[in-house]
There are 2 protein chains.
Amino acid sequence: MESLDYCDPGFTPLVVLELTSETKEEAIGWLLRRIRDLQQNGGAELLVEQLGPGVGAQEKENPNMFLVGASQQRLLSGAEDVGLFKECSDGSMRAFTCTNKHKFKDFKGDGDSFLSMAECQYIIKHELDTLRARDETHVPGYTEVKLYPGKSIIRRLQSKGILIQLFPLHEKEELKRLSFSWYKKVKLSFQPLDDIRHYYGEGQAFYFGFLEYFTFALVPMALIGVPYYLFDWEGYDKYVVFAMFNLIWCTVILELWKRYSASLAYHWGTLSRKKAFEEPRPGFHGVLGFNPVTGREEPIYPNAKRQLRIYLVSVPFVLLCLYLSLYVMMIYFQMEAWALSVHDDEPTFWAGILIFIPSIIYAVVIEIMNLIYRYAAEFLTEWENHRLESSYQNHLVLKVLVFNFFNCFASLFYIAFVMQDMVLLRQSLATLLITSQILNQFMEACLPYWLQRRRNKKMINRVRKRRTLEDKELPLVEQVRLEADMSMYLGTFDDYLEQFLLFGYVSLFSCVYPLAAVLVVLNNFTEVYSDAFKMCRVFKRPFSDPAANIGVWQLAFEAMSVIAVVTNFALIGISPQVKAYFSDSETQLILWTVAIEHVLLAFKFLLAFLIPDIPKHIQIRLSRLEFESLEALKKKRLLHG
Amino acid sequence: MESLDYCDPGFTPLVVLELTSETKEEAIGWLLRRIRDLQQNGGAELLVEQLGPGVGAQEKENPNMFLVGASQQRLLSGAEDVGLFKECSDGSMRAFTCTNKHKFKDFKGDGDSFLSMAECQYIIKHELDTLRARDETHVPGYTEVKLYPGKSIIRRLQSKGILIQLFPLHEKEELKRLSFSWYKKVKLSFQPLDDIRHYYGEGQAFYFGFLEYFTFALVPMALIGVPYYLFDWEGYDKYVVFAMFNLIWCTVILELWKRYSASLAYHWGTLSRKKAFEEPRPGFHGVLGFNPVTGREEPIYPNAKRQLRIYLVSVPFVLLCLYLSLYVMMIYFQMEAWALSVHDDEPTFWAGILIFIPSIIYAVVIEIMNLIYRYAAEFLTEWENHRLESSYQNHLVLKVLVFNFFNCFASLFYIAFVMQDMVLLRQSLATLLITSQILNQFMEACLPYWLQRRRNKKMINRVRKRRTLEDKELPLVEQVRLEADMSMYLGTFDDYLEQFLLFGYVSLFSCVYPLAAVLVVLNNFTEVYSDAFKMCRVFKRPFSDPAANIGVWQLAFEAMSVIAVVTNFALIGISPQVKAYFSDSETQLILWTVAIEHVLLAFKFLLAFLIPDIPKHIQIRLSRLEFESLEALKKKRLLHG
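Residues numbered from 1 in each chain as written. Chains lettered and ligands numbered in written order. Predicted model: local features only at pLDDT ≥ 70, side-chain atom pairs only at ≥ 80, totals over all residues. Heavy atoms only, no water.

### Side note on the confidence of the model for chain A
Quick note on the threshold: Scored from 0 to 100, pLDDT records how confident the predictor is in each individual residue. Residue contacts follow a heavy-atom distance rule, with two residues in contact if any of their heavy atoms lie within 4.5 Å.
Overall, the predicted model of chain A reaches an average pLDDT of 84, with 93% of residues at or above 70. Confidence over residues 1-7 of chain A falls short of pLDDT 50; this stretch has 22 contacts with residues more than four positions distant or in other chains.

Spelled out as structure tokens, the structure:
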């Protein structure tokens, strides 16, 4: 970790803490005192300094920005607090403890470069989050901002709007190196996942690992899809072969990803890491009571009330939205019919283009509806008042997934099974897929980049006006203020959602449009670059998030793969080729389709059950650790007992 | 724990160890020395005495029977070794440690009655099992019985046939009390599960808990079934109502059982208990190598070889057996047709009875085939050479389940879906169910009881011949020899299997024969009594087995409930009432049936997912324990670090 050019040479700023410019002096003094105080006295024992005035000091610049850092010793004890796993000299991963620090592989001297900057920033965030009120009844200077013993001070300041933001600083040099090896070099190689994890933490690295894995997993499907598309293979047997391939492919890639992800998590030390007790999320409110687990005072909100809110408000709202989406879909079909009738009347060049217009408009409307619904879902989930961030996330993901799935695929299901028009299905699928890809790339990367670039130029120009800059590097003060203005990275939610929908397009209707996989592979190759670019250049650095897997998304993808099996079999069942084959008895046809579908579903579940979730060599290492700790305990007992 | 009337008043015999009568003195002396040796020297530090000669000493009576016990201190340290969980004074369950012993609820004075006798016996078994060879290369006196450092001595003696058996002793007084409250008193109350667990351990208690739970869960189904049977309700709507009820019932009772079982396991201290490292099972053989987990020398058998044996021999064998079972089924149908033709020719009283004969013969043949197959499956699974007992059990259960399921239900499926003869299905189901119940009760309880009773009488008569017995109690020596001759209890496998098949009869075809549930409830009421009786009077006491749930059987029951949903819907689809309803379009009928079935299956999985597996109050206690240990660690670090 290189020290940045700041007043105190022993102080490395890691995290920025910004209070509103009107914060009372009293409160600031109290907060800094609490942060600096020794741990024995209930403080966080961190270093904190105020950021000096920048070039725009005379303008409306916030003076209440603070840089937080910590001594090496404090960071190491913090690493023990958060339960960090690190690699030992013998190659195994163990929980770091200060007493055994010399057993760890990269621990040299004082342990200066032992922790990555992302880890240090995570530790500081954890220590700030668990800085608790003692006997204060309110924040000094603010009698309305109540405190009670054990309440997290930072969370209270955050929820009352006194603390505007808390974010980790970028490392210019590291970032340059990372972005060079990640997206600047045009090359045929894998992403530097370990470096990404080193800089952004495990949550980010898992997303990029999944993106890469998923893209490569699609390649065989894309390769098989091309001849199907080119040679118009549409026989019964070929359909079945493709559907079978699809089915096994879905199951196997998801199972293999689980194994790959377990081995990544093992090497990153998050697989067996124990989760710390989860604090209530900042927005959570309720009547003060005692938490049955910790025994600490904490707001309590009755579960029954939350369930009522969910079942009486949220569920009906989601259903209403689904109905609306259905309504919009019907309008689309009317437009489609109108365009077709115009084309049939006068088949000119412009009428030929007109045919695609309703699909494109519908695709744009779908994206807009998804966006609006997203805000509504966030508002509703917030209002449901979940105690834990994880439960909030799960409910949000569920709401958004259901609506997005319905919104994106309802029209396709309608065309496929009610209208039974395979040509329209193919055309609709292609238009939806391509339009949404273009829109996404634009909204996700280009727009924010352009905004950020303008901001960046403005700052450089402003600095240039005052001083001459030898190199193009900004001084720390300006750098911090620039980063404070950057957009906040909102997590991997939208990125995973996009991949989920793409997975849906590929797996649900791939029988009908085998080229979908090719389009998705192409999209994902650019997606890697644009996502990498936006992480490095557009957004504030996010705090690292020690994930052990992709969480609820694994489940979502698995659910989609089950739906895909059913859909593919239904598609085969209604295809004219198959109908011709069973021309004498439709009943026979359906019974066979259903029977084969059931067998394959059973086979799929069996396959998922039989493939172990953790690779054998990782399993052996985990058991060895457990065995060693049991043996050590036994030995200790024999010596002392 | 009451001391039995034996030479040394401080010695309570707990476990009996029987060596062959020809064992060499050298080996006996060495074994006893190793058992008595201090733990620091690698011994087991247990007490062991030879059993005195009984009344039949001059006859062919084995002199090499040994009683094993231990000091109170040794048992407590053993309890720590095996990771026993006990209730603390504050009501929480924690792992027992000798240093904190006074924090535990029932620990008084020396802790005399702290451990139940079953727990003491389990501890002694564990200590004997982990008594390892040091530098011996073979058992003294037997150069062919090889040893290597770290090899379990007892397991080697067992696999070479020198050790005949190792079993725990019954407690006469306890047993009397237990059997009185369990099955002697005719009463309407629940079984004394805690007492059963106290005497037999968690594995047994779980079986009886499940049996009781399952029986009560069947009661509503039986109650609903009666009017269906009496009033011949067979309309479409009623069918669907019953099938829906069936579906929700299956899912809900299995989920609720999971919760109930978790709360039982919590109170019995097995829920969060860590499993000790599993030793290879006695029959396992291979080339000597190093275990990658323990680093100990141990036989290694390549996994690829085992897979080859499974896929090239076991799987084809199972398939062959299934084919044979199919063949027998076809013979049954021929017999059935013949009996029917005889009855149609001359409808006399005897011909009326003749109709039932083929079903009864078939039911008996099914039971015999199951029995034979069981032995073959055991032989094959043994030959597959699994390293762990748990993996052996899983493979055995899988083999036996598949065959039993096929053997018992194939004919019913054939009648239902190929012959579509609902009258025959009903008759067949009833005959199979009733015959198998009668056979089972006889084979399981009556026959072994009668054999044991004869043996018991013989022993009492023999003792009477020599001495006059004041009371009818046998002296310890005779008691031990009597128990040594009792049959070995082979575990809960057959009992669970029986319940599994009954569950199949109830859930698969309950639409057609709603009375099945009534029969099963009646059977299970007597089953509780006969199982309890056989545990108390017929078999050797088994070692307790610290289970946290019913293991692989939960999965088996869940799989059956999924099959039940599919079967019930198929039955509804082919019922004449439903066909009449959709008389214009058979396709429409099938499509609707399949669609509803898919929705219900999805609903079933959602329900299983939404109902938490552990009740909330147990979850809170578990989190509290975890939180406390994290906090304690942090506090310790702050004080010392």
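### Focus: the nonpolar core
Here is the rule we go by: Only buried residues count toward a nonpolar core. Its members are Ala, Val, Leu, Ile, Met, Phe, Trp, Tyr and Cys residues joined through side-chain atoms within 4.5 Å. Each residue is assigned to one of three classes by its accessible area relative to the maximum for its type, calculated with a 1.4 Å probe on protein chains only: buried under 20%, partly exposed between the two thresholds, exposed over 50%.
One finds Trp 182 and Trp 553 of chain B to be the most contacted residues of the largest nonpolar core, which totals 105 residues. By size, the runner-up hydrophobic cluster in this structure holds 102 residues, among which are Ile 415, Ala 416, Leu 515 and Ile 574 of chain A.

### Concerning the sheet that holds strand β1 (residues 15-19) of chain B
Residue and element names in this part refer to chain B. Note the threshold: Whether two strands pair comes down to DSSP finding at least two bridges between them. Helix and strand definitions follow DSSP, with helices as H or I runs of at least four residues and strands as E runs of at least two, each counted in order from the N terminus. With axes taken as lines fitted to C-alpha atoms, and helix axes fitted only over the stretch in contact, angles between N-to-C directions fall between 0 and 180 degrees.
In spatial order, the strands read β2-β3-β1-β8; together these four strands make up an open sheet with antiparallel pairing. What marks the edges here is a single partner per strand, and that holds for β2 (47-50) and β8 (163-168). Ignoring which end each strand starts from, the neighbouring axes of this sheet average 20 degrees apart. As paired strands, β1 and strand β3 (residues 65-69) are joined by four bridges and run antiparallel to one another. Bridging across to β3, Glu 18 finds its partner in Met 65. Contacts from helix α3 (residues 117-129) reach β1, β3 and β8, with the element oriented near 40 degrees to β1.

### A look at the interface of chain A and chain B
For clarity, the cut-off: Throughout, buried area stands for the accessible area (probe radius 1.4 Å) lost by two parts on being put together, summed over both. Every case where a carboxyl oxygen of Asp or Glu lies within 4 Å of a side-chain nitrogen of Lys or Arg is listed as a salt bridge. Two N or O atoms count as a polar contact when they lie within 3.5 Å, although within protein this holds only if one can serve as hydrogen donor and the other as acceptor, and sequence-adjacent residues are included solely when both atoms are side-chain atoms.
Across the contact, 33 residues belong to chain A and 34 residues belong to chain B. Carbon and sulfur atoms supply 65% of the area that chain A and chain B bury against each other, a total of about 2,900 Å² over both sides. In terms of surface lost to chain B, no three residues of chain A exceed Val 293, Phe 627 and Arg 637 of chain A, which account for 19% of the buried area on that side. Here chain A and chain B share two salt bridges between them. In this structure, Arg 296 of chain B engages Glu 631 of chain A in a salt bridge whose closest nitrogen and oxygen atoms are separated by 3.8 Å. For the pair chain A and chain B, the number of links is four residue pairs in polar contact (both at pLDDT 80 or more). Mapped by element, the contributors of at least two residues to the side of chain A that touches chain B are α2 (72-82), α17 (552-574), α19 (586-610) and α20 (616-640) of chain A. Of all the elements, α20 of chain A adds the most residues to the side of chain A that touches chain B, at eleven residues.

### Here we look at helix α11 (residues 356-383) of chain A
This is how it is decided: The length a helix should cover is 1.5 Å for every residue beyond the first.
Here α11 of chain A is 28 residues long and its end C-alpha atoms lie 41 Å apart, about the 40 Å a rise of 1.5 Å per residue gives. At the C-terminal side of α11 of chain A, Asn 385 of chain A shows a positive phi close to 60 degrees.

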